[in-house]
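# Summary of the model geometry
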Amino acid sequence: MTRVISLVSGIIFGIGLVISEMINPEKVLGFLNLFGNWDPSLAFVMIGALVVSSPLFHLIKNKEKPICEVSFNIPNNKEINKKLVLGSAIFGAGWGLGGLCPGPAISSIALINYYSITFVISMFVGFYIVRLFESTTQAR
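Residues numbered from 1 in each chain as written. Predicted model: local features only at pLDDT ≥ 70, side-chain atom pairs only at ≥ 80, totals over all residues. Heavy atoms only, no water.

On to unusual backbone geometry, then. With a phi close to 65 degrees, E21 is a non-glycine residue in the positive phi region. For E21, a relative accessible area of 37% translates into the label partly exposed. (Buried < 20%, exposed > 50% of the residue type's maximum accessible area, 1.4 Å probe, protein only.)

In structure tokens:
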């Protein structure tokens, strides 16, 4: 049941990304361009997401356990370290340069957008390089 709910949630999320045009790099870059020709429309997407998710989050967080799981899986690590800061900077630079982040990039593959396909392949290569780097540093 958890996988079915995850699949349906992912499909709804993907449809929302398409409708809001977050899969369009030009739209995202227009939103990020605060000092140029700024496009505020994605701010309304974010506000809409908060209006829907915030009340539900507060209802669910007081429950003993999730509906389809044994317990909540909430990370308790709040440490800000070099790895987090560097990863955030690289993510932000990639988002600002490419106009896509992982969710919208994966959603836009369905439209057979070669730019998005290249982005997602590069993203997975980056994941592999990080794992390779971590395994070599842990072996030392």
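Don't stop here, the text continues.
Going through the model one piece at a time under the given rule, you end up with 2 salt bridges. Between E134 and K83 there is a salt bridge, with its nearest N and O atoms 2.8 Å apart. Here E134 is found in helix α6 (residues 114-139), whereas its partner K83 is found in helix α4 (residues 82-98), with 51 residues between them in sequence. The exposure class assigned to E134 is partly exposed, which follows from its relative accessible area of 26%. (Salt bridge = Lys/Arg side-chain N within 4 Å of Asp/Glu carboxyl O. Helix = DSSP H or I, 4+ residues; strand = E, 2+ residues; numbered from the N terminus.)

Within this model, the largest pocket holds a volume of roughly 760 Å³. Taken together, 22 residues line the largest pocket, and the ones lying closest to its centre are G87, I90, F91, G126 and V130. Residue assignment for the lining of the largest pocket shows that the elements contributing at least two residues are α4 and α6. No other element matches α6, which puts 11 residues into the lining of the largest pocket. Here the lining of the largest pocket is composed, by residue class, of 13 nonpolar, 6 polar and 3 charged. Put simply, the second largest pocket is a space of about 560 Å³. Elements with a minimum of two residues in the lining of the second largest pocket: α1 (2-19) and α3 (41-60). (1 Å grid on protein atoms, 1.4 Å probe; cavity = no way out; pocket = protein on both sides within 12 Å on 5 of 7 lines; lining within 4 Å. Points joined across faces, edges and corners; volume = space filled by probe spheres on them. Nonpolar A, V, L, I, M, F, W, Y, C, P; charged D, E, K, R; others polar.)

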